[in-house]
Amino acid sequence: PISTLPQDPFQTDDIDAAVSRGIAFLVSQQKKEGAITDRGHENAMTALAIMAMASAGHQPADSSPEGVAMARGLKFLLSDGRQDPQGYFGASDGSRMYGHGIVTLM
């Protein structure tokens, strides 16, 4: 039988290229204060973007644009006013328990 697998299993393909474009888009959406969002729910959207970058192998300690964006996003999420005195993240951005759960998962 003819194998359809690439010769090099670590060779980049169309999926890798699409993921890279998606991550680049997320980085391009980062706001001055560090939130990564295009329309509200700053806590939830920033946490989702950080998880997407982490799932592609980026780390906030990296000096790459992705790593810098992750570190800025984390600093934003951990800044004053992002959570209430009880630790709830869903009030300040209006994402409620859904957003709080996303930030907690991140």
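You'll find the structure just up there.
Residues numbered from 1 in each chain as written. Predicted model: local features only at pLDDT ≥ 70, side-chain atom pairs only at ≥ 80, totals over all residues. Heavy atoms only, no water.

**Student:** What should I look at first to understand unusual backbone geometry in this one?
**Tutor:** Of all residues except glycine, most have a negative phi; of all peptide bonds, most are trans. At His41, a residue that is not glycine, the phi angle is positive and equals roughly 50°. Checked against the element boundaries, His41 lands in the loop between α1 (14–28) and α2 (42–55). You can call His41 partly exposed: its relative accessible area is 38%. We note that Arg96 has phi near 55°; this positive angle belongs to a residue other than glycine. Inspection of the secondary structure assignment puts Arg96 in helix α4 (residues 96–105). (Helix = DSSP H or I, 4+ residues; strand = E, 2+ residues; numbered from the N terminus. Buried < 20%, exposed > 50% of the residue type's maximum accessible area, 1.4 Å probe, protein only.)

**Student:** Explain α1 here, please?
**Tutor:** Helical geometry note: an α-helix holds 3.6 residues per turn, so side chains three or four residues apart project in the same direction. If you check α1, its first and last C-alpha atoms are 21 Å apart, about what 15 residues at 1.5 Å a residue would give, namely 21 Å. A side-chain oxygen of the first residue of α1 lies 3.1 Å from the backbone nitrogen of Ile15; this N-cap is Asp13. (Expected span 1.5 Å × (residues − 1). Polar contact = N/O pair within 3.5 Å; in protein donor to acceptor, adjacent residues only side chain to side chain.)

**Student:** Sorry if this is basic, but what is going on with the side chain of Asp93 here?
**Tutor:** Mapped onto the elements, Asp93 comes out in the loop between α3 (65–77) and α4. Buried charge without a salt bridge: Asp93, with Arg82 as the nearest opposite-charge side chain at an N-O distance of 5.7 Å. Separated by 3.4 Å, the side chain of Asp93 and the backbone nitrogen of Glu42 make a polar contact. Engagement of the side chain of Asp93 in a polar contact is seen with the backbone nitrogen of Ala44, the distance being 3.2 Å. When neighbours within four sequence positions are excluded, Asp93 is seen to be in contact with His41, Glu42, Asn43 and Ala44. (Lys, Arg positive; Asp, Glu negative; His and termini not counted. Salt bridge = Lys/Arg side-chain N within 4 Å of Asp/Glu carboxyl O. Contact = heavy atoms within 4.5 Å.)

**Student:** Looking at this structure, how should I read the packing of α2 against α4?
**Tutor:** Any two packed helices are characterised by how steeply their axes cross, that is the angle between the axes, and by the distance between the axes. It is the contact of α2 with α4, at a shortest axis distance of 8 Å, that shows an interaxial angle of 30°. The two elements α2 and α4 cross, and the hand of that crossing is left-handed. Note on element contacts: α4 touches α2 through Gly99, Ile102, Val103 and Leu105, opposite Asn43, Ala44, Ala47, Leu48 and Met51. Grouping the constituent residues of the contact of α2 with α4 by class yields 7 nonpolar, 2 polar and no charged. (Axes fitted to C-alpha atoms, helices over the stretch in contact; angles between N-to-C directions. Left-handed = near helix turned anticlockwise from the far one by under 90°. Nonpolar A, V, L, I, M, F, W, Y, C, P; charged D, E, K, R; others polar.)

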